[in-house]
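# Structural overview for review
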Amino acid sequence: MLTRREALLGTVLAAAAVATVGAMPAVASAKEVVGLPREKVTLVAPPFVHAHDQVAKGGPKVVEFTMTVEEKPVVIDADGTQLNAMTYNGSIPGPLMVVHEGDYLELTLINPDTNTLAHNIDFHAATGALGGGGLTLINPGEQVTLRFKATRTGTFVYHCAPGGPMIPWHVVSGMSGAVMVLPRDGLGDDKGKSIRYDRIYYIGENDFYIPRDEQGKFKKYETAGDNYDETVKVMRGLIPTHVVFNGKAGSLTGENAMKAKVGETVLIVHSQANRDTRPHLIGGHGDYVWEQGKFANPPAKDLETWFIRGGSAGSALYTFLQPGIYAYVNHNLIEAVELGATAHFAVDGTWDDDLMKQVEAPRAITS
Amino acid sequence: MSFNPIVALGSIATAALIVMGATSALDRLAGSLVASPELVTLTAGSFDHPRPGEFLGEGHPVAAPRILATVGAPLKIMKYQVTASEYGRCVTAGSCKASDTPGSGNFPVTGVSHIDAEAYTAWLSAQTGATWRLPTDTEWAYAASERFRGDIEGGAGDPNNPALRWLAQYRTEASLGRKSDPEPRVQGAFGTNSKGVADIAGNVWEWTSTCYVHAAVARNGISIVSSIDNCGVHVVEGFHRTYMSNFIRDGKSGGCAVGTPPDNLGFRLVRERLNIVRATLRRLGFS
């Protein structure tokens, strides 16, 4: 079993390995990128997504993002259970970054000296260097800038991957998010016909593994490093103590329920960096679903539940047809209700009796 | 939804409450067996009260009918919720199942189901020779007085758009902004209400003896035309009124998809007129 000292040493070794990778020659095409227009985007916390064009205007550009890694305790359920979280930009999940195919995504990642651990970022949308992980490992007090070309369309996970046993621990401590690479002409249906969304929500699902004390109560730790040994023991059981959307059980309910109107088309991007999940919209459907998240493949139609593989992001497009409260759940209902993976949509609009009607209200059975 | 102030009728208002100490002979008798819980005595009275349950008017959901509810005789109700140590004695005696939440001392017992509350009630009655029972929904509301809220309601349903009621209810509940508060506090921490009853509508919801009901309401909006009881589910009272299956011990897992679940489930009891014959027999060693 790893001790904390060894775990931290693991980070140092990973850093050494990366230093070697970083010494490789620069990419030859860099010069061509210099002349491209640049756009600076300010990220917003999920479930919201920064403003973006669905159909690209003009040619490829360099889209600049900045994220700061924040290590901080966060509360992950209504009982006040604390996770020593590691976050991209302060949120779990990290923000969704949207670019178009052929654009260059340029991220400046900052690891302030108030943090205690080394971090990096592995973009599943990127090609080479462990998804960029090999070029972005930074210690507290450092920052790094990585650029990659968005060559494949779809929704893709990004996550921290600082080497060895640090990888799963950082991921289940909150360090994941997603990138959406849109086709330059926007989304298309199964026949290639253009489709648009009126709203977009990004839902990151996380599995957490919080150790318990002798009484069965969740333990609190001063720092992330203090929880490492015991957290890994829980992780190795593969049964999460929490499965949540947006970093906390109930974070997308009540006042924070997602909003839509009847007739509006909503794109729901759903990522899970570590573990399989099966989103389901109770009372609705997936009109067009990219289960694997990749827009070069035709979307599946009329799904009831869709499968998001651990380590991927998928997306589902749905036009709301009835008003009401919809629960959006991981349809392992134990995970939805007992472990936290439930979100709500509050949808305003006119009821359609043709689609559904209570023909007769509950009454005593007549014999 | 605003508080539903109880309209107290008659002369019940201020002089009504008598806190019972261990001064009466009957209480001393009971106390010789098990320490008698502190009681508050409320004089009889009537008050405006929304019925518990789900109501249909002409086949559509309507707000709970408000009736003039009556507590016909003086009501002796525990000032505090049953504590962990009180409940623990029943567990030690082998008559109650240990609660889900290990508590101690003067903290309210939590993690108990309706079944557990009934078991405690039977045990306490046997120990004291008095008849203890869970309060009815009406009795609880009467004792709760200005702290009674009732269901978080969506109001009358719109036959053309059932979703309006669901959305209204959801938004009302969300706007209350009540944060989960799961850690039980020591007895008395939530203060007493105008009737001297402590810890009403704190973070422990309380079981009542009233069954969940589906009822059809007459056109006058008040009379019940027909109803179907489901006594596998009981009314639970606290910050809001809700309904729980009898075997639920943790309100958190009993809540529906869009409801606010109780932080904790506990209970307090009312005491019927002391049964002197039975108490005496018990004291003499006959059970």
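I will try to describe carefully the structure that is included in this document. (Residues numbered from 1 in each chain as written. Chains lettered and ligands numbered in written order. Predicted model: local features only at pLDDT ≥ 70, side-chain atom pairs only at ≥ 80, totals over all residues. Heavy atoms only, no water.)

## A closer look at the side chain of H119 of chain A
Residues and elements named next belong to chain A. We count it as follows: The helix count covers DSSP runs of H or I at least four residues long, the strand count covers runs of E at least two residues long, and both are numbered beginning at the N terminus. The classification of residues rests on relative accessible area computed with a 1.4 Å probe and restricted to protein chains. Under 20% of the type maximum is buried, over 50% is exposed, and intermediate values are partly exposed. Any N or O atom pair separated by 3.5 Å or less is treated as a polar contact, with the protein-specific requirement of one donor-capable and one acceptor-capable atom, and with residues adjacent in sequence counted only for side-chain atom pairs. Contacts are assigned to residue pairs that have any heavy atoms within 4.5 Å of one another.
Residue position: H119 is located in the loop between β5 (104-111) and β6 (122-123). A relative accessible area of 0% means that H119 is categorised as buried. Only 2.7 Å separates the side chain of H119 from the side chain of E71, close enough to count as a polar contact. Here H119 is in contact with V69, E71, M86, N111, T136, L137, I138, C160, H170 and M175, once residues within four sequence places are set aside.

## Observations regarding the state of the cysteines
Residues and elements named next belong to chain B. Going by this rule: Any two cysteine sulfur atoms within 2.5 Å of one another count as a disulfide.
One pass over the structure, following the stated rule, counts two disulfides over all chains. Two residues, C90 and C96, share a disulfide whose sulfurs are 1.9 Å apart. Here the disulfide of C90 and C96 is right-handed, its torsion about the S-S bond being about 75°. Across the pair, C96 and C90 agree in class, each one buried. Covalently, C211 is tied to C231 through a disulfide, its sulfur atoms 1.9 Å apart. Taking the torsion about the S-S bond as the criterion, the C211 to C231 disulfide, at about 105°, is right-handed. Within this pair, whereas C211 is found in strand β9 (residues 205-217), its partner C231 is found in strand β10 (residues 224-237), the two being separated by 20 residues in sequence. Take C231: its relative accessible area is 39%, and that puts it in the partly exposed class. Ordering the disulfide-forming cysteines of chain B by sequence position, one finds them joined as 1-2, 3-4.

## Description of the sheet that holds strand β8 (residues 154-159) of chain A
All names here are of chain A. Basically, it comes down to this: Two strands are counted as paired when DSSP detects at least two bridges linking them.
Ordered by their spatial adjacency, four strands build an open sheet running β4-β9-β8-β6, and the pairing between neighbours is mixed. What marks the edges here is a single partner per strand, and that holds for β4 (96-100) and β6. By the bridge criterion, five bridges tie β4 to strand β9 (residues 176-182) in an arrangement that is parallel. Bridged to M97 within β9 is V179.

## Considerations on unusual backbone geometry
Look at the link from P46 of chain A to P47 of chain A: it is a cis peptide, with omega at 15°. Counting through the fold element by element, P47 of chain A comes out in the loop between β1 (38-40) and β2 (62-75). Cis geometry is adopted by the peptide bond preceding P93 of chain A, which originates at I92 of chain A and carries an omega value of 0°. Secondary-structure assignment places P93 of chain A in the loop between β3 (82-88) and β4. One non-glycine residue with positive phi stands out, namely D302 of chain A, at about 60°. Within the secondary structure, D302 of chain A is located in strand β18 (residues 300-303). A positive phi angle, close to 50°, is found at E58 of chain B, a residue other than glycine.

## Quick look at the pattern of salt bridges
Note the cut-off: Whenever a carboxyl oxygen of Asp or Glu lies within 4 Å of a side-chain nitrogen of Lys or Arg, that contact is scored as a salt bridge.
Using the criterion set out here, one finds 30 salt bridges over all chains in the structure. Linking D103 of chain A and R184 of chain A is a salt bridge whose minimum nitrogen-to-oxygen distance equals 3.2 Å. With D103 of chain A in the loop between β4 and β5 and R184 of chain A in the loop between β9 and β10 (187-188), the pair connects residues that are 81 residues apart, well separated along the chain. Judged by relative accessible area, R184 of chain A falls into the partly exposed class, the value being 24%. A salt bridge links R178 of chain B to D263 of chain B; the shortest N-O distance between them is 2.7 Å. Highlighted residues: R178 of chain B in the loop between α5 (163-176) and β9 and D263 of chain B in the loop between α6 (251-254) and β12 (265-266), separated in sequence by 85 residues. Taking relative accessible area as the criterion, R178 of chain B reaches 25% and is therefore assigned partly exposed. For D263 of chain B, a relative accessible area of 4% puts it in the buried group. Among the charged side chains, a network of salt bridges with common partners joins R38, K40, E64 and E106 of chain A.

## Points about the packing of helix α2 (residues 84-92) of chain B against helix α3 (residues 114-128) of chain B
For any two helices packed against each other, the geometry is given by the interaxial angle and the distance between the axes. All names here are of chain B. Defined as follows: Only the stretch in contact is used when a helix axis is fitted, and all axes are lines through C-alpha atoms; the angle between N-to-C directions ranges over 0 to 180 degrees. Working rule for angles: under 35 degrees goes down as roughly parallel, over 145 as roughly antiparallel, 65 to 115 as roughly perpendicular, anything else as oblique. Polar here means any residue outside two lists: the nonpolar Ala, Val, Leu, Ile, Met, Phe, Trp, Tyr, Cys and Pro, and the charged Asp, Glu, Lys and Arg; Gly therefore counts as polar.
Interaxial distance between α2 and α3 falls to 10 Å at its minimum, and their mutual angle equals 80°. Put simply, α2 runs roughly perpendicular to α3. Contact residues: α2 offers E86, Y87, R89 and C90, while α3 offers D116, A119, Y120 and W123. Across the contact of α2 with α3, the residue classes tally to five nonpolar, no polar and three charged.

## Focus on the nonpolar core
As a reminder, the rule being used: Residues belong to a common nonpolar core when they are buried Ala, Val, Leu, Ile, Met, Phe, Trp, Tyr or Cys residues joined through side-chain atoms within 4.5 Å.
One finds M97 and F123 of chain A to be the most contacted residues of the largest nonpolar core, which totals 37 residues. Contacts of M97 of chain A, omitting those with residues within four sequence positions, involve L43, H50, F65, M67, L105, L107, F123, Y158, A178, V179 and M180 of chain A. By size, the runner-up hydrophobic cluster in this structure holds 24 residues, among which are W123, A130, W205 and W207 of chain B.

## With respect to the environment of V171 of chain A
All names here are of chain A. Inspection of the secondary structure assignment puts V171 in helix α3 (residues 166-171). For V171, a relative accessible area of 5% corresponds to the buried category. As a C-alpha pair, V171 and A273 span 102 residues in sequence and 7.2 Å in three-dimensional space.

## Let's talk about the sheet that holds strand β15 (residues 265-272) of chain A
All names here are of chain A. Taken in spatial order, the six strands line up as β13-β12-β15-β19-β17-β18 in an open sheet, and their pairing is mixed. A strand with exactly one partner marks an edge of an open sheet, and here the two such strands are β13 (242-245) and β18. When strand polarity is set aside, the average angle formed by the axes of neighbouring strands in this sheet is 25°.

## Digging into the environment of Q82 of chain A
Residues and elements named next belong to chain A. Relative to the helices and strands, Q82 is located in strand β3. Classification of Q82 as buried rests on a relative accessible area of 18%. In this structure the C-alpha to C-alpha distance between Q82 and K259, which are 177 residues apart in sequence, comes to 28 Å. Setting aside its immediate chain neighbours within four residues, Q82 contacts P73, V74, I210, K219, K220 and Y221.

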